[in-house]
Amino acid sequence: MQVEDKTLELLQPLNLTVTAGESLAIVGSSGSGKTTLLSILAGLDLPSSGQVYLKNQPLHQFNEEQRSQVRAQHVGFIFQQFLLINSLTALENVMLPAELANLPDAQARGEALLSQVGLADRLDHYPSQLSGGEQQRVAIARAFISKPDILFADEPTGNLDSKTGQHITDLIFDLNAKEGTTLVLVTHDAKLAARCQRQVEMDSGVLTERLDVAAQTTQHSPEAETLVPQVG
Amino acid sequence: MSNLNSKASSMWFAQSLRLLHHELRRGELTIIFLAIVLAVATVFSLTGFSGQIKHAIVANSTNTIGADRVLRMSSEIDPSFIKKSQELSLKSARKIETESMAFAGDNMLLSELDAVSDTYPLRGELRIKTSLTQTESMVASAPKVGSVWVEPSVLSRLNVNIGDTIEIGLAPLKIAGIVTDIPDRSYRAFIAGPTVILNIADMPKTELIQPGSRITYKYLFAGETDAIETFETWIKPQINESQRWYDAKAAQNRLSRILDTAEKFLSLASMLGIVLAAVAVAVASRRYGQRHQSTVSVFKALGASISHVRKLYCLHWTLLSCLSIATGLVVGYGLMLLGVNAIASYLSLADAPLTLVPFLTAIFTGLLCAIAFAIHPIMTLVQSSPLNVIRGFSQNKVARFGWHQLPPLLALFLLLFIFSQDLVMSAALLLGGIFVSFILLLFGRGLMSAGRSVGTKAGKSWHLALANLKRRASENSVQLVSFTIAIKLLLLITVMKSSILSEWEQQFPEGTPNHYLINISEEQIAPLKQFVEQHDIANQGFYHVYRGRLSAINGIKTVDEEKDDSQEPSEATSASKEKQATKKAEQQKSRQGMGRELGLTWRTELPEENEIIAGQWWQVDDDKPQVSIESNIAERLEINLGDDLTFTLGSDEFTVPVTSIRQVNWQSRQLNFIMVFNQSVLEQFPTTSISAWSISDQDRDRVYRFMADFPTITLMDFAAIMEQLNNIIEQVSVAIQLILILVVLAGSLVLIAQVQASMEERERELAILRTLGASGKLLRNSILYEFVALGAIAGLMASIGMEIAVYILQSQVFNMPGSFHFQYWLVGIGAGAFFVGSIGMLSCWRLLNLSSVTLIRRTM
């Protein structure tokens, strides 16, 4: 990455394949390059060199418009900061990706999803009228509405207390199982990572596959880690 | 210690300067700077310009009346007056003013006639040129007998040259030169015909003066102060209601009152723009305060004292204010020079000095904008807690009503008061302004919400745009109000210029008079009657007209408002009754007398288009003196059936009872009279007659040829009167256009300031949409449509406002049925959508040009 006249090397050469239907956690400390990797995987950002394929489509060769189209058709997102649009109601926020992908029944599906995440009575509320947990539930409903092939979640519980976070985690994995979506999850929360089938660790831009998942989980104290600020 | 202090003080000074330099370069202060410049430049140019005009016209001492004192009357002077003035060795001159036709071959022109005696003018200079190539004009007195001096436009409009002969009434007169300066010129000449000056000795030859003709006689006196004052003491008790005695100061006072009113109107109207500029300052400074919170908190966390921070930002703001005000003064001076240049042909302002007043007013306005509207955000900024460094910063706190809104309101009130010099008016305008804004705000919000529900089905960009519009409704309301007002002004000018007048003209039925004949002598009536019968020209018959004043009601003298009659348009004909109607509102101020001469007539039968609503019309043979009065006037002057009205005709006075009250259809363009008497009252007075004809296009040439045999009759084409009306509207719309430009500029500044304030949030939204896979087109369109919708809503509200204003004009001023102007709604909505859309897109330019990767990186 070129910043002014210095070159920052954020990611070392790496190879990662995610197969359909699997769930993968990318773990690592702040600044390790997790979010950058996720941005590239999702077609939000481009690697300065290398190749990225999503559903066999070469993202690295696509321009912005083409990548947008790919995202609209195949990708769902859940973010740490929820990232809802403040001028739209809960239902409209959920409907948005379906409308962008020109899917039929956006409204019916949105309502159904919101009721699945327990917000059936908050359809017309604006984000400012919802709590953090409720906003993240709206974001989850939004992520699933377009029946994405792959769902990217960036620290989905990072801004929530542990109880709400647990509830959100359950929701994500339940819906994921129900819809059969591929899940790529970025987190430094070992408990959350442990619920995924695969874990890879990012350290200073170097990616390593973690094989002994169970042993790692016990060594990490989630309370200690939440104090570390996030750098995206 | 003192060394340390001075070091500390120089440090905050240096930091302050650095801050200003840095912020100006980054463009963070541009809006505030421009808004203050706009307010200061507007106030300076307006105040400076009108001050100079006033000075040029008013301060030129005695020149404006051509004498020390003038006696103005509608009949010849009592010879004893002249005798007395000669005894006191006063100089005197005579002047007769009237309107008449000037003929040259087939061309004719309605012109102002000034017949002057050889001694004219007694004070000031009459300047002429005897050839068109002459560069320097020369001082002159009356033209030689048999010759005239004319204003330049007479030459072009009659297609004649110096040396040619024109006919005034029955007298052929040679053009001996063109006049460049008339010391006692009437400023009414701006709208009336061009002036022709002839020698008073030629007046009888013209045969224009008939009994009852509308003639103004002026007697000019000048001499030693003592003698003049003695004469004044002697003459004043002998002057009756139909005569006026005045000096230069009185004449100037009248003129300056008119100028004051115009100035007041313009400055109060421009307040609209200044208020918007101030709002732009408020919006921009709020964002400025929020952006600097972190800087201040870090400063404080690092140990800077509150007084240090306060000094730093106060100086910073003061420097910014001074810079903006100074720039505003320079720009304002430039604008003023443009104005001076534009009117140079009417009035030379070269010698008029620039007083301190415009400087002080403009600087004060600038300071009010810079301080009153920014004090709250700046004070909040200075108070920022160092704890924020840890706790985080509150962004975009919703503005609530509170004490901090008091300084801006007080400042507004103060500004209004400075411009109006009227406490009640300022309070009324402030409250009225708040009320109107409130109504517009409610209405606009309603429309924005309605658009939101409709928009749910209207495609995705529209949907996002309308959702944003609704979400930012409170911020948008300010822009909405300003653009609504601007577009309404624009529509009003357009409709007034292109529609109302022509609609008004078209609504008259066929056979409505389109020519008025004035100054018809008794022996001319018979041939004219024969002519109209022979050629079947629709006409309204011939009315004798007498000029008289209502001097007492039931024996109680009427009080006339101090008013310069010469500023009023002529009202002898029905044509000018419309003008009277436009003045109705002004006259509605309950005034005891009519304040001017009336055209009186007698009739045996009730005129057409008149209806008796109280009392009874007289029998043909009833020779008991009586009068029938028009109902509106009766109501206004509180005159009832049976009241005794006293009239003064020249030196005669008579009293008659009111026996009927008539309703008159003023909009019919027929000859109508306020006071109609029975024959016996007026019969004995000599007079001339007037008539109104409806002349078709094919008859026109025949009529004009026929009328050339009667040069003493003034033939007024209604089209010419319409042209005068158009001229007035043209002048009014120039003033409105100035206000329009100002409001548009200030409104745009507010819009840009609001967009800047919402920039972070817009960036975030675009990033989310981009992430979710929205195309670039959708993003661009959602922003474009948001502003287009805002502009269209403003246009819609403006169109409704315009329709209401036009309806009021039509029903109150033009007395015509209301009509809709839907084609202008399209203009209003289109103009609003286009303009606000463009400004909005321009101010989001940077945002739209960010690559989505950058957008996403910034937000994630």
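Residues numbered from 1 in each chain as written. Chains lettered and ligands numbered in written order. Predicted model: local features only at pLDDT ≥ 70, side-chain atom pairs only at ≥ 80, totals over all residues. Heavy atoms only, no water.

Caption draft 1: Layout of the overall build of chain A. When its secondary structure is counted, chain A shows nine helices and 10 strands. Going through the 232 residues of chain A one by one, you find that 52% of them count as buried. When the accessible surface of chain A is split by element, carbon and sulfur atoms take 48% of a total near 10,900 Å². (Helix = DSSP H or I, 4+ residues; strand = E, 2+ residues; numbered from the N terminus. Buried < 20%, exposed > 50% of the residue type's maximum accessible area, 1.4 Å probe, protein only. Areas by Shrake-Rupley, 256 points an atom, 1.4 Å probe, with all protein chains shown as cover.)

Caption draft 2: Structural detail: the packing of aromatic side chains. Residue and element names in this part refer to chain B. The full count for this structure, using the stated rule, is 22 aromatic pairs over all chains. Look at phenylalanine 531 and tryptophan 693: their rings are 6.3 Å apart centre to centre, the planes differ by 25°, and that puts the pair in the stacked class. In this pair, phenylalanine 531 is assigned in helix H16 (residues 522-534) and tryptophan 693 in strand S21 (residues 688-694), connecting sequence segments 162 residues apart. Of the two residues examined, phenylalanine 531 and tryptophan 693, each falls in the buried class. One aromatic cluster in this structure is built from Phe81, Phe221, Phe231, Trp234 and Trp245. Arginine 603 extends its terminal NZ or CZ atom over the ring of tyrosine 543, reaching a point 3.7 Å from the ring centre. (Phe/Tyr/Trp six-rings, centres within 6.5 Å; stacked < 30°, edge-to-face > 60°. Lys NZ or Arg CZ within 6 Å of the ring centre and 35° of its normal.)

Caption draft 3: The arrangement of the pairing of strand S4 (residues 126-129) of chain B in detail. Strand direction decides the pairing type here: S4(B) and strand S5 (residues 138-140) of chain B, joined by three bridges, are antiparallel. Pairing of B:Arg127 across the sheet is with B:Val139, part of S5(B). (Pairing = 2+ DSSP bridges.)

Caption draft 4: View of the interface of chain A and chain B. If you look at the interface, chain A gives 27 residues, while chain B gives 28 residues. In total, chain A and chain B occlude about 2,600 Å² of area from one another, counting both sides; carbon and sulfur atoms represent 56% of this. When the buried area of chain A at its contact with chain B is split by residue, A:Leu83, A:Ser87 and A:Leu100 rank highest and sum to 20% of it. For the pair chain A and chain B, the number of links is two salt bridges. With a shortest N-O distance of 3.3 Å, A:Glu64 and B:Arg770 are connected by a salt bridge. Where chain A packs against chain B, one counts 10 residue pairs in polar contact (both at pLDDT 80 or more). Counting only elements with at least two residues in the side of chain A that touches chain B, the list comes to helix H2 (64-74), strand S6 (75-79) and helix H3 (90-100) of chain A. (Contact = heavy atoms within 4.5 Å. Buried area = accessible area lost by both parts, 1.4 Å probe. Salt bridge = Lys/Arg side-chain N within 4 Å of Asp/Glu carboxyl O. Polar contact = N/O pair within 3.5 Å; in protein donor to acceptor, adjacent residues only side chain to side chain.)

Caption draft 5: Representation of empty space enclosed by the protein in the model. Evaluation of the coordinates by the stated rule reveals nine cavities of 30 Å³ or more. In this structure, the second largest cavity spans a volume of roughly 90 Å³. What lines the second largest cavity is A:Ile85, B:Leu464, B:Asn468, B:Arg762, B:Glu765, B:Leu766, B:Leu769, B:Ser782, B:Ile783 and B:Glu786. Every element with two or more residues in the lining of the second largest cavity is listed here: helix H14 (460-471), helix H23 (759-771) and helix H24 (776-813) of chain B. For the lining of the second largest cavity, the element with the highest residue contribution is H23(B), accounting for four residues. Residue composition of the lining of the second largest cavity, grouped by class: five nonpolar, two polar and three charged. (1 Å grid on protein atoms, 1.4 Å probe; cavity = no way out; pocket = protein on both sides within 12 Å on 5 of 7 lines; lining within 4 Å. Points joined across faces, edges and corners; volume = space filled by probe spheres on them. Nonpolar A, V, L, I, M, F, W, Y, C, P; charged D, E, K, R; others polar.)

Caption draft 6: Seen up close, the sheet that holds strand S7 (residues 150-154) of chain A. Residues and elements named next belong to chain A. As summarised here, the arrangement of the six strands in space is S6-S7-S8-S3-S9-S10, forming an open sheet in which the pairing is mixed. Looking at the sheet topology across the chains shown, the edges are occupied by S6 and strand S10 (206-210). Direction aside, neighbouring strands of the sheet carry axes that sit 20° apart on average. As judged from the four bridges shared by strand S3 (residues 23-27) and strand S8 (residues 182-186), these two strands associate in the parallel manner. In the strand pairing of S8, serine 23 is matched with leucine 183. Packing of helix H5 (residues 132-145) onto the sheet brings it into contact with S6 and S7, and relative to S6 it is tilted by some 170°. (Axes fitted to C-alpha atoms, helices over the stretch in contact; angles between N-to-C directions.)

Caption draft 7: How the structure looks around helix H6 (residues 162-179) of chain A. Residues and elements named next belong to chain A. Helix length check: H6 (18 residues) gives 25 Å between terminal C-alpha atoms against 26 Å at 1.5 Å per residue, within 8%. Taken residue by residue, H6 has Gly165, Ile168, Thr169, Leu171, Ile172, Phe173, Leu175 and Asn176 as its buried positions. Where H6 is buried, its residues touch S6, helix H4 (106-116), H5, S8 and helix H7 (190-194). Sitting at the amino-terminal end of H6 is aspartate 161, which places a side-chain oxygen 3.1 Å from the backbone nitrogen of lysine 163. The positive-phi residue at the C-terminal boundary of H6 is glycine 180, with phi of around 65°. (Expected span 1.5 Å × (residues − 1).)

Caption draft 8: Summary view of H23(B). Residue and element names in this part refer to chain B. The end-to-end C-alpha separation of H23 is 18 Å, in line with the 18 Å expected for 13 residues at 1.5 Å each. Of all the 13 residues making up H23, 11 are buried; the element is thus mostly covered by neighbouring parts of the structure. Those residues of H23 that fall on the buried side of the exposure criterion are Met759, Glu761, Arg762, Glu763, Glu765, Leu766, Ala767, Ile768, Leu769, Arg770 and Thr771. Backbone geometry just after H23 places glycine 773 at a positive phi near 100°.

Caption draft 9: Broad picture of the nonpolar core. One finds A:Ile26, A:Leu96, A:Phe152, B:Ile783 and B:Met802 to be the most contacted residues of the largest nonpolar core, which totals 99 residues. For this core, the element with the most residues is H24(B), which contributes 13 residues. When residues are assigned to domains, this core turns out to be shared by domain 3 (432-509 + 718-860) and domain 4 (515-694) of chain B, each giving three or more. In this structure B:Met802 touches B:Lys488, B:Leu491, B:Leu492, B:Val495, B:His821, B:Tyr824 and B:Trp825, once residues within four positions along its chain are discounted. By size, the runner-up hydrophobic cluster in this structure holds 61 residues, among which are B:Leu29, B:Ala269, B:Val309 and B:Ile378. (Core = buried A, V, L, I, M, F, W, Y, C linked by side-chain atoms within 4.5 Å. Domains from an automatic or database assignment.)

Caption draft 10: Region of the structure containing the pairing of S3(A). All names here are of chain A. By the criterion of burial, S3 is predominantly enclosed, with five of the five residues buried. The alternating pattern of S3 places Ser23, Ala25 and Val27 on one face and Leu24 and Ile26 on the opposite face, and all of these are buried. Of the strand pairs in this sheet, S3 and strand S9 (residues 198-203) are connected by four bridges, and their pairing is parallel. Bridge pairing in S9 links isoleucine 26 to valine 200.

Caption draft 11: Inspection of the confidence of the model for chain A at higher detail. Residues and elements named next belong to chain A. Looking at chain A, the pLDDT average stands at 80 and 85% of residues meet or exceed 70. Contacts of residues 1-5 to residues separated by more than four positions or lying in other chains number eight contacts, the stretch itself having pLDDT below 50. Residue range residues 214-232 is modelled with pLDDT below 50. Its contacts to residues more than four positions away, or to other chains, number 20 contacts. (pLDDT = per-residue confidence, 0-100.)

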